[in-house]
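Each chain, written out:
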Amino acid sequence: MREVARRAGVSVGTVSNVLNRPNIVAEATRDRVLAAIEELGFVRNESARRLRQHPDEPRPAARARAFGVVVEDLTNPYASDVARGAELAFEEAGYETLWLSTDHSADRERRALELLAEQRATGALVSSVEDGPDRIGRWRETGMCVVLLDRAGPDFCSAQVDHVAGGDIAAAHLLSLGRDRMVFVTGVPEPQPVAERGEGAARTLVKAGGGDLAVLTQDGLTPSAGRAAAHRLLALSPRPTGVFCANDLLAIGVVNELIHLGVRVPEDVAVIGYDDIELAGSAAVPLTTIRQPRRELGWEAAELAMAEVAEGSSHEHRQVVLRPELVVRESA
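The rules behind each value
- Residues numbered from 1 in each chain as written.
- Predicted model: local features only at pLDDT ≥ 70, side-chain atom pairs only at ≥ 80, totals over all residues.
- Heavy atoms only, no water.
- pLDDT = per-residue confidence, 0-100.
- Helix = DSSP H or I, 4+ residues; strand = E, 2+ residues; numbered from the N terminus.
- Contact = heavy atoms within 4.5 Å.
- Buried < 20%, exposed > 50% of the residue type's maximum accessible area, 1.4 Å probe, protein only.
- Pairing = 2+ DSSP bridges.
- Axes fitted to C-alpha atoms, helices over the stretch in contact; angles between N-to-C directions.
- Parallel < 35°, antiparallel > 145°, perpendicular 65-115°, else oblique.
- Left-handed = near helix turned anticlockwise from the far one by under 90°.
- Nonpolar A, V, L, I, M, F, W, Y, C, P; charged D, E, K, R; others polar.
- 1 Å grid on protein atoms, 1.4 Å probe; cavity = no way out; pocket = protein on both sides within 12 Å on 5 of 7 lines; lining within 4 Å.
- Points joined across faces, edges and corners; volume = space filled by probe spheres on them.
- Domains from an automatic or database assignment.
- Buried area = accessible area lost by both parts, 1.4 Å probe.

**Student:** I'd like to hear about the confidence of the model for the protein chain, residue by residue, with values.
**Tutor:** Predicted coordinates in regions of low pLDDT should not be interpreted in detail. Scored by pLDDT, the protein chain has a mean of 88; 92% of the residues are at 70 or more. At the low end of the mean pLDDT range in the protein chain sits helix α4 (residues 46–53), at 46; at the high end sits strand β8 (residues 242–245), at 98. In the model, residues 46–55 has pLDDT below 50 throughout and makes 11 contacts with residues more than four positions away in sequence or in other chains. A low-confidence stretch, residues 57–61 stays under pLDDT 50, and its non-local contacts, those more than four residues away or across chains, total five contacts.

Put into structure tokens, the structure is as follows:
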């Protein structure tokens, strides 16, 4: 706080007021202090603050035996399965797990990591929505270890799925069924793993001589976005014979709406999803999909994080890459 005060040209008491009672600080002064906090990467020690306010409480340990799992959307069954896999590994080793969702927002991601740093968490597994892993590297300066979850970065440990291979598998399966008029249905915001699925499918289609992969981009990666996509698919000329959806939620929406509109799946249009969530087998036509090892992904990331903490300065970053697999049901 003294460094922040010097940088902003104010007293330590003013910095404290900005952190705890910002409404009593003049806006210009508050802005200077906040700018200094951002420049210096200052994170308040919440345990120390509580100790000052409640001096009779037991003194906290240097670090909480807890890890955060920061994912983009906990309402997506894929993300909650990954978080559960991590939680099981942490629980076995005696750590608590905090689940946090960013809702695809870089600002919410920063706030989640700030919260973990303030609470003195041991570390975090992060599906980063920032512009590359460098932006989250500063959180390691607070003493937390950070492992990338389904992302890659040379200066981080990471656990990820080979999504380019997953897109390749999906496109190859549709081609094996003779469905070369292929469309990739995706949505915004489009996370890096989703974009990689499209890249893999496009590459495979070109190699097979099928030309460029058509892409339909919806305003989300949800069943309702999939239902809207079904109408756009039927408006295309010529009509596609194969549809690869960026995730199962989109695919379930597409399949259910196509059936509602009188289109036969897979006879008229074959549809393949991605993730193999539990609902995949419950669509109007059980969904053929690409299975991600979701819980294994979370488990592997947690193991990397705990190894980094245990090994200390001798630790060398490792990257774990898991391969997805095809699950054939009835939709393709």
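**Student:** Outline the pairing of strand β5 (residues 157–161), supporting the account with residue identities and numerical values.
**Tutor:** In terms of burial, β5 is largely enclosed, as five of its five residues are buried. What you see with β5 is no split at all: Cys157, Ala159 and Val161 on one side and Ser158 and Gln160 on the other are buried throughout. For β5 and strand β11 (residues 319–322), the ladder comprises four bridges, and the chain directions are parallel. Each bridged residue has a counterpart across the sheet, and for alanine 159 the counterpart in β11 is valine 320.

**Student:** Residue-level account of the packing of helix α9 (residues 223–235) against helix α10 (residues 248–260), with values.
**Tutor:** Running from N to C, α9 and α10 point in directions that differ by 50°, and their axes come no closer than 7 Å. With respect to their mutual orientation, α9 and α10 come out oblique. In this structure, α9 crosses over α10, and the sense of that crossing is right-handed. Taken together, the residues of α10 that come into contact with α9 (itself represented by Pro223, Ala225, Gly226, Arg227, Ala229, Ala230, His231, Leu233 and Leu234) are Leu249, Leu250, Gly253, Val254, Glu257 and Leu258. Counted by class, the contact of α9 with α10 contains 10 nonpolar, three polar and two charged residues.

**Student:** So what about the environment of histidine 104? Which residues, and what values?
**Tutor:** Note on placement: histidine 104 falls in the loop between β2 (96–101) and α6 (106–118). Overall, histidine 104 belongs to the partly exposed group, its relative accessible area being 28%. C-alpha of histidine 104 to C-alpha of valine 129: the two residues are 25 residues apart in sequence and 6.2 Å apart in space. Contacts of histidine 104, omitting those with residues within four sequence positions, involve Glu72, Asp73, Val129, Pro189 and Pro191.

**Student:** Give a detailed account of the packing of helix α7 (residues 163–176) against helix α8 (residues 192–207), specifying residues and quantitative values.
**Tutor:** Orientation of α7 relative to α8, taken along the N-to-C sense of each, is 45°, at an axis distance of 6 Å. Relative to α8, α7 is oriented oblique. Both α7 and α8 take part in a crossing whose hand is right-handed. Between α7, through His163, Val164, Gly167, Asp168, Ala171, Ala172 and Leu175, and α8, the contact on the second element is made entirely by Pro193, Glu196, Arg197, Glu199, Gly200, Ala201, Arg203, Thr204 and Leu205. Classifying every residue of the contact of α7 with α8 gives seven nonpolar, four polar and five charged.

**Student:** Would you mind going over the layout of surface pockets in detail, with residue names and values included?
**Tutor:** When its volume is computed, the largest pocket comes out at roughly 430 Å³. Glu72, Asp73, Asn76, His104 and Leu221 are the residues nearest the centre of the largest pocket, which is lined by 27 residues in total. Secondary structure elements with two or more residues in the lining of the largest pocket: α5 (77–92) and α8. Its residues placed into classes, the lining of the largest pocket shows 12 nonpolar, seven polar and eight charged.

**Student:** Can you explain the sheet that holds β11? Please cite residues and give values.
**Tutor:** Here we have six strands laid out as an open sheet, ordered β2-β1-β3-β4-β5-β11, and parallel in their pairing. Each end of this open sheet is capped by a strand with a single partner; those strands are β2 and β11. On average, each strand axis in the sheet is tilted by 15° relative to the strand beside it, whichever way the strands run. Bridge count between strand β4 (residues 145–149) and β5: three bridges; the pairing is parallel. Across the sheet, residue leucine 148 finds its bridge partner in β5, namely serine 158. This element, α5, spans β1 (64–71), β2, β3 (121–126) and β4 of the sheet and lies at about 160° to β2.

**Student:** So what about the domain arrangement of the protein chain? Which residues, and what values?
**Tutor:** Here the protein chain is described as being made up of domain 1 (1–51), domain 2 (66–161 + 295–322) and domain 3 (163–291). Contact residues are listed per partner, giving eight residues for domain 2 and 10 residues for domain 3. When the two sides are added together, the surface that domain 2 and domain 3 hide from each other amounts to roughly 830 Å², 59% of it contributed by carbon and sulfur. Counting the surface domain 2 buries against domain 3, the share from its top three residues, His104, Arg151 and Val161, is 43%.

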